[in-house]
Amino acid sequence: MTSYKVTDIRQCMNELLVKDTFDFFLLQEATVKTFAVFNIDGHRVDEFYSPEESETIEAEDFLVAYENLRSHIYDVIKGKKTPVGFQIILSLPKRIIRQIIESEELNFDADSVSLVIIFRYVSGELTITTGISFREFIMDKSLESAFDKWVYTFLNATGINVEII
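Residues numbered from 1 in each chain as written. Predicted model: local features only at pLDDT ≥ 70, side-chain atom pairs only at ≥ 80, totals over all residues. Heavy atoms only, no water.

**A closer look at the overall build of the protein**
Here's step 1: Looking only at helices and strands, one finds five helices and eight strands in the protein.
Here's step 2: A compact globule built from 165 residues would reach a C-alpha radius of gyration of about 15 Å, and the protein, at 16 Å, matches this within 12%.
Here's step 3: Projected onto the principal axes, the alpha-carbon positions of the protein cover approximately 50 × 45 × 30 Å.
Here's step 4: Of all 165 residues assigned to the protein, the portion counted as buried reaches 41%.
Here's step 5: Here the protein has roughly 9700 Å² of accessible surface; of this, 51% comes from carbon and sulfur atoms.
Here's step 6: Computed over 16 positive and 27 negative side-chain charges, the inter-centroid distance for the protein is 10 Å. (Helix = DSSP H or I, 4+ residues; strand = E, 2+ residues; numbered from the N terminus. Rg over C-alpha atoms; globule rule 2.2 N^0.38 Å. Buried < 20%, exposed > 50% of the residue type's maximum accessible area, 1.4 Å probe, protein only. Areas by Shrake-Rupley, 256 points an atom, 1.4 Å probe, with all protein chains shown as cover. Lys, Arg positive; Asp, Glu negative; His and termini not counted. Charge placed at Lys NZ, Arg CZ, Asp CG, Glu CD.)

What follows is the structure, encoded as structure tokens:
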């Protein structure tokens, strides 16, 4: 797990809420605190989709694609006043987890792990924290290290300037 302080909040928010930079992620959860607290649970409700639509959804990912909720989160955050705070937890789809595992030649099962990045805005500061969750306790930190490296490279490639905390 690595935490970063975002040095240019406006640029990061533009990438997160306006552009499609993070659209390939899945939304686990979003909480935005303005005049009220807005919570979005990103778990997919399969009954909502027609059989045809269901065929296009990656069944192994049980969360909704961030691209489907980004505009809703943006609508809650935008306005004349800055939110009191927010937390957005994005999860990597299994296909990207597999790519990281394969590129680093690691011995992990992508179905037994969850990799997330957490955007947290509190007291005028925006941080990004990586997280990893296994179904079972594992001492091996190689996937965590590979994911931290992947996130740092991804953030730099998108122009999001960060400092390691």
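**A closer look at the pairing of strand 1 (residues 3–6)**
Along any regular strand the residues' side chains alternate between the sheet's two faces.
Here's step 1: The side-chain alternation of strand 1 yields one buried face, formed by Tyr 4 and Val 6, and one unburied face, formed by Ser 3 and Lys 5.
Here's step 2: In the sheet, strand 1 pairs with strand 8 (residues 162–164) via three bridges, with the strands oriented antiparallel. Note on strand 8: the bridge partner recorded for Val 6 is Val 162. (Pairing = 2+ DSSP bridges.)

**What to know about the nonpolar core**
Here's step 1: Grouped together as the largest cluster of nonpolar side chains are 41 residues, with contacts concentrated most on Phe 22, Tyr 66, Ile 88, Leu 90, Phe 119 and Ile 128.
Here's step 2: When neighbours within four sequence positions are excluded, Phe 22 is seen to be in contact with Glu 15, Leu 16, Tyr 66, Leu 90, Ile 117, Phe 119, Phe 154, Leu 155 and Ile 160. (Core = buried A, V, L, I, M, F, W, Y, C linked by side-chain atoms within 4.5 Å. Contact = heavy atoms within 4.5 Å.)

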